[in-house]
Amino acid sequence: MRAIFDAALWRGRRERVFGGGGPLGLFHVPTGGCEGCAMEVAALRGAAFDLARHGIVFEESAGAADILLVTGALTRGMAPVLDRIWREMPSPKGLIVVGDCAIDGGPFGENYATLGGLSGRVEIAWALGGCPPEPRAILEGVVGLVRG
Amino acid sequence: MQAGQIIRLGERVGPSRFLLDEEGWRALVECASVLPLLGMWCDGVEVHALFLEAERPLIASTVPMGGRYLSLSPSYEAAVVHERMIQDLWGAEAMSARDVSPLLDIGFWREISPLGVRPLASDGVGQAVGEPALPYLLDVERGRGGRVHLHGGYAHRGILQRVRGRTPEQALRQIGRVTSGGFVAHSLAFCRAVERALGLGISPRVEHARVVLLEVERVSVHLHDVACVARCVGADLLAVHAEQGREELAEMCVAFGVTRRVTDMVVPGGMRGDPDVVGLAREVSGWLEPVLARLGGLSVQAEAGLHRLGRLGVERASALAVGGVTGRASGRGFDARRLSPGYDLGVLAPRGVLGGDCWARLSLRLREMENAAVLLEGFSEVFDVAPLEAGGGVGEGVGFAEGARGDVWYWVRLREGVIEAAWGRDPAVALWAVLPEMVRGLDEAGCATVLASVGMSMAGMEF
C-alpha cells in the first residue's frame, strides 16, 4: 500500500493542484463497497449539479486527472488496480475519499477480502464521511478545495 | 418423478427445506424435469439449493462427503456460478461440475475457504487475469472467435462472514449496504427471513410502510438506470431529466421522514422511526405523472442506439432464473411482488414489452415507474390486508423482496438470538451466465451500454 501513494510527492504541491488555472480534473475509482457513494458521484456528474460552472470536470482517464476520487471499502483485489491508476496520474496529484467506507471501511472493515478504508494508510487531501454522502456535500467540499 | 417430488422425499428439516441423502441428491441431479434454481450455498455442514416451485421457495440440502457433493450443474446451468462461489468460500467441491475455476477468490484473499470449518491462511499475493473495467469492477475478456469470459473477484467484501455471530439488528449494518440498487430490497428480504425464523408477525401498518418504500426505491433506482443507459447512447436530455428527477425524489423522501436513498428504514419486526409513508406515497404518485410524461417523450432519443442491442431470449432468461426488468423484458414474467399481499396484480401484469434488448429494458423501466405511481396512489389511501401470518418460528426462515433490479432472497438460521448461518441472493448473480452472450461481438461502448441496461451490480453479485 505504501507504493500507492507517494506522500512526499504530494506534500508541498497541494497549492499547485488546487491553486487555480484551468478546471480541476477528477478521476473516480470505486474500490468496493455497496456502490452507493459511486451512485452519488454519478449524480454529482449529472445534470442536477453544474460542475463546469464550478471549475470541475470528471476525466475519462487517470492520465488526464489532477485528483483521484475514491469511493468504497478497498478490497484486496482492487488495491493493485488503485496502485496502477495512481501511478498513471501525472504529478502533482492528490487524493480525496468520499464516504465512510473509503475513509475507514464503514461497515466493511479489514477482513480476509478487504483492507477497509484508506485513512491511516495514505495521505488524504480531503475526506467526506456519510453513508452515502449527498452529492451537494461532495460538490461543496471539492469546490472548497478548488478555491483553496 | 418431478424434481419437487424428489426433494420432498427427503427429510423435512426446515420450512420448505428437505435434507436429501446421496441417492436422493443424485436423483435430483439426474431428474429430467427441472425447477428454476435461484441459488446455492453452504453452511459448513450442508450444501443447500433454493428452487422455485410454482413460484414458491423449495430448498434441497445434502451433506458433502469428504468435502465433496455431486454437482447440479450438468442439469442446472444456473448452478455453475454458485458452485464456484461455494468452492471459494466454504471449500466444498462440486463433483462433475461444468466449471471449477475460482470466481471470487482470485488470489488476493488472506484466507482460503474463509467460511469453511477450517480456513487456511494465505499470503494473498494474487495475480489477476486482467483488470476490471470501471465503474463495474468486472473484467470482460474477449477471447478467440468472439467468445466472452467474465472475471470478477474485485467487489467481494465477505458479508456472509461478517454477519455470522451477530444479532439480526447488528447484521443489518452490512445487509443494508449490500448494494445501492437494493437498500430497501435487501433489508426487507433479510428481515422477512428473520421474522419467519423467529415467528414474528407483522402488522399491516408496517407492511404498508415497507411496500411504499420498496416502490419509492424502485422509482429511484429505475431513474438512475435510465440515466446511465441514456448517457451511454448520447441521449443526454433523457439522462438530464432522469437525473434531476432522482434528486427531486431524494428531497421528497427527506421531507416525509425517510432517508434520501431510503437507507436503514427496515428493521426486524418493524420500521425505524415513523416516516409519513402515506404522505410520501401521495406526493410521489402525483409527482411522477409529469416526470414520466417527459421521460417517455424523450426516450425516443435513445431508441435507435438500443434496438437489438444486448438481447436476451425468454428461454435463457427462464433457464437461468433471470429476474427483474431484465427477465421481464425478455418474457420471463416472474415478479416476487405477486407473492406478497396488498398488491394489485393487474397493475403488475406485463404490458407487452418483450423484445429482450436494451430498448425493451429501458421501455419496461418507464412502464414500471408508471405502475409504481398507480401502486403508490393506492397505497396513499388504504392498505387492505389482514394481519400477516407469523412465520414458523423454528429458528430458520426464507425471505424475499422484489427490488428494482429483481428478486432478492435471504435464508437465515438463528441460534440463541444470533445468526448461525446466512445466505443471500441478489438478482445480479443470475446475470453472470447470460452476460457473455449478451455482450458478444460488442465493443467497449456497446458492452458498457448492456451492463447499464441490466443494472449490473458487482457489489450485489459478489457480496
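Caption draft 1: Local environment of the overall build of chain A. The secondary structure content of chain A amounts to six helices and seven strands. Helices and strands appear in chain A in the N-to-C order α-α-β-α-β-β-β-α-β-α-β-β-α. The proportion of buried residues among the 148 residues of chain A is 59%. Taking contacts inside chain A between residues at least 6 apart in sequence as the whole, the part at least 24 apart equals 77%.

Caption draft 2: Representation of the sheet that holds strand β5 (residues 56–62) of chain B in the model. All names here are of chain B. The mixed open sheet is built from five strands, whose spatial order is β1-β2-β5-β4-β3. The open sheet is flanked by β1 (11–14) and β3 (37–42), the only strands paired with a single partner. The mean inter-strand angle of the sheet, taken between neighbouring strand axes irrespective of direction, is 30°. Across four bridges, the pairing between strand β2 (residues 17–20) and β5 is parallel. Considered in β5, the bridge of Leu 20 is made with Thr 62. Each of β3 and β4 (47–53) touches helix α3 (residues 79–90); the most contacted strand, β3, lies at about 15° to it.

Caption draft 3: Expanded view of the domain arrangement of chain B. Residues and elements named next belong to chain B. For chain B, the domain assignment lists domain 1 (3–128) and domain 2 (159–461). Each of domain 1 and domain 2 has a C-alpha centre, and these two points are 26 Å apart. Counting residues at the interface gives 28 residues for domain 1, matched by 24 residues for domain 2. Taken together, the two surfaces of domain 1 and domain 2 that pack against each other cover about 2,300 Å², and 65% of this comes from carbon and sulfur. Looking at the side of domain 1 facing domain 2, the largest losses of area belong to Leu 38, Trp 41 and Glu 55, adding up to 23% of the total buried there. With a shortest N-O distance of 2.7 Å, Glu 77 and Arg 316 are connected by a salt bridge. The tally of links between domain 1 and domain 2 comes to six residue pairs in polar contact (both at pLDDT 80 or more).

Caption draft 4: Inspection of empty space enclosed by the protein at higher detail. Residues and elements named next belong to chain B. Applying the stated criterion to the full structure yields nine cavities of 30 Å³ or more. Met 85, Leu 160, Trp 423, Gly 424 and Met 461 are the residues nearest the centre of the largest cavity, which is lined by 22 residues in total. Elements with a contribution of two residues or more to the lining of the largest cavity: β3, α3, α4 (159–163), β16 (418–425) and α17 (458–462). Among the elements that take part in the lining of the largest cavity, α3 stands out by supplying four residues, more than any other. Among the domains, domain 1 (3–128) and domain 2 (159–461) are the pair contributing at least three residues each to the lining of the largest cavity.

Caption draft 5: Quick look at the pairing of strand β15 (residues 406–415) of chain B. All names here are of chain B. Of all ten residues in β15, nine are buried, a share of seventy percent or more. Both strand β14 (residues 396–403) and β15 contribute to a ladder of eight bridges, which runs antiparallel. Paired with Ala 401 across the two strands is Val 408, which belongs to β15. In this structure, the hairpin formed by β14 and β15 is closed by a connection of two residues. Direction of pairing for β15 relative to β16: antiparallel, over a ladder of seven bridges. By the bridge assignment, Trp 409 is partnered in β16 with Arg 425.

Caption draft 6: Inspection of the pattern of salt bridges at higher detail. Taken as a whole, this structure holds 38 salt bridges over all chains when the rule is applied. Salt-bridge contacts for Arg76(A) lead to Glu110(A); the nearest nitrogen and oxygen are separated by 3.5 Å. Here Arg76(A), found in the loop between β4 (74–75) and α4 (79–88), pairs with Glu110(A), found in the loop between α5 (100–104) and β6 (114–116); they are 34 residues apart in sequence, far enough to count as distant. According to the relative accessible area criterion, Arg76(A) is buried, its value standing at 10%. Residue classification places Glu110(A) among the exposed residues on the basis of a relative accessible area of 53%. With a closest N to O distance of 2.7 Å, Glu195(B) and Arg210(B) form a salt bridge. Placement of the pair is Glu195(B) in helix α6 (residues 183–198) and Arg210(B) in helix α7 (residues 204–232), with a sequence separation of 15 residues.

Caption draft 7: Here's a closer look at the sheet that holds β14(B). Residue and element names in this part refer to chain B. Reading across from one edge, β14-β15-β16 is the order of the three strands in this open sheet, with antiparallel pairing throughout. Looking at which strands have only one partner, the edges of the open sheet turn out to be β14 and β16. Sheet twist, expressed as the mean angle between neighbouring strand axes with direction ignored, is 20°.

Caption draft 8: Highlighting the packing of aromatic side chains. According to the stated counting rule, one finds eight aromatic pairs over all chains in the structure shown. Between Trp41(B) and Trp423(B), the ring centres sit 4.2 Å apart and the planes meet at 10°, which makes this aromatic pair stacked. With Trp41(B) in strand β3 and Trp423(B) in strand β16, this pair connects stretches of sequence that are 382 residues apart. Taken together, the aromatic side chains of Trp41(B), Trp411(B) and Trp423(B) make up a single cluster linked through ring pairs. The lysine or arginine in question, Arg157(B), covers the ring of Phe108(A), its NZ or CZ lying 4.7 Å from the ring centre. The ring of Phe183(B) carries the charged tip of Arg177(B) above its face, separated from the ring centre by 5.3 Å.

What counts as what
Residues numbered from 1 in each chain as written. Chains lettered and ligands numbered in written order. Predicted model: local features only at pLDDT ≥ 70, side-chain atom pairs only at ≥ 80, totals over all residues. Heavy atoms only, no water. Helix = DSSP H or I, 4+ residues; strand = E, 2+ residues; numbered from the N terminus. Buried < 20%, exposed > 50% of the residue type's maximum accessible area, 1.4 Å probe, protein only. Contact = heavy atoms within 4.5 Å. Pairing = 2+ DSSP bridges. Axes fitted to C-alpha atoms, helices over the stretch in contact; angles between N-to-C directions. Domains from an automatic or database assignment. Buried area = accessible area lost by both parts, 1.4 Å probe. Salt bridge = Lys/Arg side-chain N within 4 Å of Asp/Glu carboxyl O. Polar contact = N/O pair within 3.5 Å; in protein donor to acceptor, adjacent residues only side chain to side chain. 1 Å grid on protein atoms, 1.4 Å probe; cavity = no way out; pocket = protein on both sides within 12 Å on 5 of 7 lines; lining within 4 Å. Points joined across faces, edges and corners; volume = space filled by probe spheres on them. Phe/Tyr/Trp six-rings, centres within 6.5 Å; stacked < 30°, edge-to-face > 60°. Lys NZ or Arg CZ within 6 Å of the ring centre and 35° of its normal.

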